[in-house]
Amino acid sequence: MTELRVLETNILHASDVIYWLDGSSAEEPADMLHLAEVLQLQLTTRPRDLQVVHGSGRTALLRRPAGPLTDGVASEAQRARPAAPSFEVAGVVSHPAGRYIPRRFTLSAGNGAGHHLVVYPSPLGTRFGPAGGLAGTLRFDPGGAPASWALLTLEVDTGLGATLRFRCQANAVGDFLLPFHRLPPLPEGVDSYAASLSVAALDSASPEVALDHADLEAMDLGALDSDDTFSSSIALAVVPGTISPIRSSSRDHVAVQPH
């Protein structure tokens, strides 16, 4: 029988991991699906000794070990994860075919706890299901500049105190598609669900530069049935199975203003 002799052991721990989540798949990050596709990753801030293993749905971050190889077989104590200082990682992710909205991010990594970062399908990557959804364009008022990268949240009251939240993100020119993948059919005798739409955006956003979701600010929206009336959210009726275009009164888009 041949005896295998271990001369040395190279111990390498993952410093941290980023999980990329599909924001349209669930209401809370804990329930969202990991992306099945590989995003393009460009790091703008990183330690010089950082190694990156990037794949579908996750990115592993590893620091090169500072110590020498361990002679022979490493003991359990030697294999234990050492305490390590945190480090900053920043960058941009995008989809090579444009099916997801690009996102800028900054995080403090190093403790191995993991980070869950949400990205949203672009209109190009969105498909409406049997439950239908909303479609439209967001533009700042006055002026008509697109509300690039704005994040939309629709809260739907399904009755008996149950509220569902649906989110999507506008593209560079302010276009959005918001599908109702989890919306149940209407109860008998009910014509529609009551809902309210709110938006977070940045009036200084550039169509050429991706944003971090943390930089977005709550905005006011132009009412659907009253000219030049703005509020933090707009009420609308949602009918499952219908794809409804929405626009502010007397406009061909949804008007957006800072608070």
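Just so it is clear, the structure is predicted and the values come from calculations on it, not from any experiment.

A closer look at the overall build of the chain
1) Next: Scanning the chain from N- to C-terminus turns up one helix and 19 strands.
2) Next: Put simply, of all contacts in the chain between residues at least 6 apart along the chain, 64% involve residues at least 24 apart.
3) Next: Per element, the accessible surface of the chain, about 13700 Å² overall, is 51% carbon and sulfur.

Some remarks on the sheet that holds strand β7 (residues 87–94)
1) Next: Taken together, the three strands give an open sheet; going across it, the order is β3-β7-β8, and neighbouring strands pair in antiparallel fashion. Single-partner strands in this sheet number two, and they are β3 (40–45) and β8 (103–109). Pairs of neighbouring strands in the sheet enclose a mean axial angle of 30°, with direction left out of account.
2) Next: When β7 meets β8, the two strands line up antiparallel, connected through seven bridges. Paired with V92 across the two strands is R104, which belongs to β8.

So, the packing of aromatic side chains
1) Next: Summed over the entire model, instances satisfying the criterion amount to two aromatic pairs.
2) Next: Pairing W20 with F105 gives two aromatic rings, centres 5.5 Å apart and planes at 70°, and the pair type is edge-to-face. With W20 in strand β2 (residues 14–22) and F105 in strand β8, this pair connects stretches of sequence that are 85 residues apart. Across the pair, F105 and W20 agree in class, each one buried.
3) Next: A cation sits over an aromatic face here: R63 above F87, 4.8 Å from the ring centre.

Some thoughts on the nonpolar core
1) Next: Membership of the largest hydrophobic core comes to 29 residues, with the highest contact counts inside it found for L138, L154 and F180.
2) Next: Listed by contribution, the elements that provide at least two residues to this core are β10 (132–140), β11 (151–159), β12 (162–169), β13 (175–179), β14 (193–201), β15 (217–222), β17 (234–238) and β19 (254–258).
3) Next: Here L138 is in contact with A145, P146, A147, A150, L152, A170, V173, G174, F176, V199, V254 and V256, once residues within four sequence places are set aside.
4) Next: Formed by 16 residues, the second largest nonpolar core is a distinct cluster that contains L21, A26, L202 and L216.

Some remarks on unusual backbone geometry
1) Next: Here the bond from D141 into P142 is cis, since omega is 0°, no more than 30 degrees from zero.
2) Next: One non-glycine residue, W149, lies in positive phi territory at about 65°.
3) Next: Mapped onto the elements of the fold, W149 is located in the loop between β10 and β11.
4) Next: Take W149: its relative accessible area is 6%, and that puts it in the buried class.
5) Next: Of note in this structure, S250 is not a glycine but carries a positive phi near 65°.
6) Next: Among the secondary structure elements, S250 is positioned in the loop between β18 (242–245) and β19.

Here's the deal with the pattern of salt bridges
1) Next: Inspection of the entire model under this criterion finds seven salt bridges.
2) Next: For R165, the salt bridge goes to E27, with nearest N and O atoms at 3.1 Å. Placement of the pair is R165 in strand β12 and E27 in the loop between β2 and β3, with a sequence separation of 138 residues.
3) Next: Between R99 and E37 there is a salt bridge; the shortest N-O distance is 2.6 Å. One end of the pair, R99, is in the loop between β7 and β8; the other, E37, is in the loop between β2 and β3, and 62 residues separate them in sequence.
4) Next: E37 gets classed as partly exposed once you look at its relative accessible area, which sits at 29%.
5) Next: One connected set of salt bridges, linked through shared partners, spans E27, E155 and R165.

A word on the side chain of H95
1) Next: Relative to the assigned elements, H95 resides in the loop between β7 and β8.
2) Next: A polar side-chain atom of H95 sits 2.6 Å from a polar atom in the side chain of E37.
3) Next: In contact with H95, not counting residues within four places along its chain, are E37, L39, Q40 and Y100.

Overview of the side chain of S249
1) Next: Along the polypeptide, S249 turns up in the loop between β18 and β19.
2) Next: Setting aside residues up to four positions removed in sequence, S249 forms contacts with A223, L224, D225, S226 and D227.

Comments concerning the environment of G129
1) Next: The topology assignment puts G129 in the loop between β9 (115–119) and β10.
2) Next: Of the residues examined, G129 reaches a relative accessible area of 27% and is grouped as partly exposed.
3) Next: Considering only alpha carbons, one finds G129 and P240, 111 residues apart in sequence, at a separation of 10.0 Å.

About the cut-offs
Residues numbered from 1 in each chain as written. Predicted model: local features only at pLDDT ≥ 70, side-chain atom pairs only at ≥ 80, totals over all residues. Heavy atoms only, no water. Helix = DSSP H or I, 4+ residues; strand = E, 2+ residues; numbered from the N terminus. Contact = heavy atoms within 4.5 Å. Areas by Shrake-Rupley, 256 points an atom, 1.4 Å probe, with all protein chains shown as cover. Pairing = 2+ DSSP bridges. Axes fitted to C-alpha atoms, helices over the stretch in contact; angles between N-to-C directions. Phe/Tyr/Trp six-rings, centres within 6.5 Å; stacked < 30°, edge-to-face > 60°. Buried < 20%, exposed > 50% of the residue type's maximum accessible area, 1.4 Å probe, protein only. Lys NZ or Arg CZ within 6 Å of the ring centre and 35° of its normal. Core = buried A, V, L, I, M, F, W, Y, C linked by side-chain atoms within 4.5 Å. Salt bridge = Lys/Arg side-chain N within 4 Å of Asp/Glu carboxyl O. Polar contact = N/O pair within 3.5 Å; in protein donor to acceptor, adjacent residues only side chain to side chain.

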